[in-house]
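Structural description and commentary
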Amino acid sequence: MANLIVDHMKSIGVRFLHQYNIASLQRLDNQRLVASFMNDQRAEVKEEFDTVLLAAGRTASTRSLNLSKVGVDLTENGKVVGGHGGERERSSVENIYAIGDVLQGGIELTPVAIKAGKRLAQRLVNNTGEQMDYDYVPTTVFTPLEYGCVGLSEESAMTKYGADKIEVYHAFYKPLEWAAVGKKADQCYIKMVCLRPQDDRVLGLHFLGPNAGEVTQGFATAVKLGALYSNIEETLGIHPTCAEEIVKMSITKRSGLDPNVTGC
């Protein structure tokens, strides 16, 4: 999926410099920036840019809390180690919990933190016992060609259940709004990962194309509720939409047939 996104971005003029490490930045008199890189051959390369954006990741700001003083286990980067007492958010101290990005091994998404916080409050106040479900979390990467997913990847499913137990339905399709204006759609792709011994229960859905977030949000409920491939296939599509391509999928990777959609 990532390679398809890269291919699409290259096709619209984005240049990727793989395995380049930035060494320094220098501001020029004209306010442009000169970036110095070490390339994959360990040679220094310099280029001039209008803007430089650094995606530096996240570090938990827990040091000033002195959590270790009360016995809370932390990782080297300051995240709270959870999973104690059968609760994902519970720390090594019985009455201290962590939610959101500060939780080691958590999913760094705002809706996850909100939902986990609500579930925790309900357990503590109303004794509901409801736990946050971290297995079927829908999300979207808003790259120029959007990528939405929910559930397991093909690789994770094969590792967990074995390659012979996994069926993958897939399709390359052309969004009507792109085809109408002659826009290339070579990277628009859908993949549904299913568990064969359980009547092709859907383990994961992956969608590359316009409005991937909207499409994935709609199918996430079905996947979470244990939908089978047959349930998806029996659903009527709304024409002409990109989402209907999901319910039309019939080609498996195992078959070796051409997955390109050729018509209605």
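I will try to describe carefully the structure that is included in this document. Bear in mind the structure is a predicted one, so any value in this text is a computation, not a measurement.

Reading the values: rules and limits
- Residues numbered from 1 in each chain as written.
- Predicted model: local features only at pLDDT ≥ 70, side-chain atom pairs only at ≥ 80, totals over all residues.
- Heavy atoms only, no water.
- Helix = DSSP H or I, 4+ residues; strand = E, 2+ residues; numbered from the N terminus.
- Buried < 20%, exposed > 50% of the residue type's maximum accessible area, 1.4 Å probe, protein only.
- Contact = heavy atoms within 4.5 Å.
- Pairing = 2+ DSSP bridges.
- Axes fitted to C-alpha atoms, helices over the stretch in contact; angles between N-to-C directions.
- Polar contact = N/O pair within 3.5 Å; in protein donor to acceptor, adjacent residues only side chain to side chain.
- Core = buried A, V, L, I, M, F, W, Y, C linked by side-chain atoms within 4.5 Å.

Below, the discussion takes up the overall build of the chain. In terms of regular secondary structure, the chain is built from seven helices and eight strands. Each principal axis of the C-alpha distribution contributes one length, and for the chain these read about 65 × 60 × 30 Å. Out of the 264 residues belonging to the chain, those deemed buried represent 35%. A separation of at least 24 residues holds for 48% of the contacts in the chain among residues at least 6 apart in sequence.

The next thing to look at is the sheet that holds strand 5 (residues 147-151). Pairing in this open sheet of five strands is antiparallel, and the strands run 4-5-8-7-6 from one edge to the other. Looking at strand neighbours, the two that pair on one side only are strand 4 (139-141) and strand 6 (166-172), the edges of this open sheet. Mean inter-strand twist for the sheet, computed between neighbouring axes without regard to direction, equals 15°. The strands that helix 5 (residues 212-224) touches are strand 4, strand 5 and strand 8 (201-208); relative to strand 5, the one it contacts most, it runs at about 10°.

On to the side chain of glutamate 244, then. Among the structural elements, glutamate 244 can be located in helix 7 (residues 244-248). A polar contact is formed between the side chain of glutamate 244 and the side chain of histidine 239, at a distance of 2.6 Å. Setting aside residues no more than four positions away along its own chain, glutamate 244 makes contact with Gly237, Ile238 and His239.

Further remarks concern the nonpolar core. Core analysis: the biggest nonpolar cluster contains 40 residues, and Met192, Leu205, Phe207, Ile232 and Ile246 have the highest contact counts within it. Elements supplying a minimum of two residues to this core: helix 1 (2-11), strand 5, strand 6, strand 7 (189-195), strand 8, helix 5, helix 6 (229-234) and helix 7. Element by element, the count of residues in this core is highest for strand 7, at six residues. Non-local contacts of methionine 192, meaning those with residues more than four positions away in its chain, are made with Glu167, Val168, Tyr169, Val202, Gly204, Leu205, Tyr229, Ile232, Ile246 and Met249. Core analysis: the second largest hydrophobic core is formed by 11 residues, Leu67, Val80, Val112 and Val137 among them.

Here strand 2 (residues 33-38) lies mainly inside the structure; five of its six residues are buried. Summarising the sheet, strand 2 and strand 3 (residues 44-49) pair through six bridges and their orientation is antiparallel. Across the sheet, residue serine 36 finds its bridge partner in strand 3, namely lysine 46. Hairpin connection, strand 2 to strand 3: the antiparallel pair is bridged by five residues, and arginine 42 has positive phi, about 65°.

That's the geometry; what it means functionally is another story.
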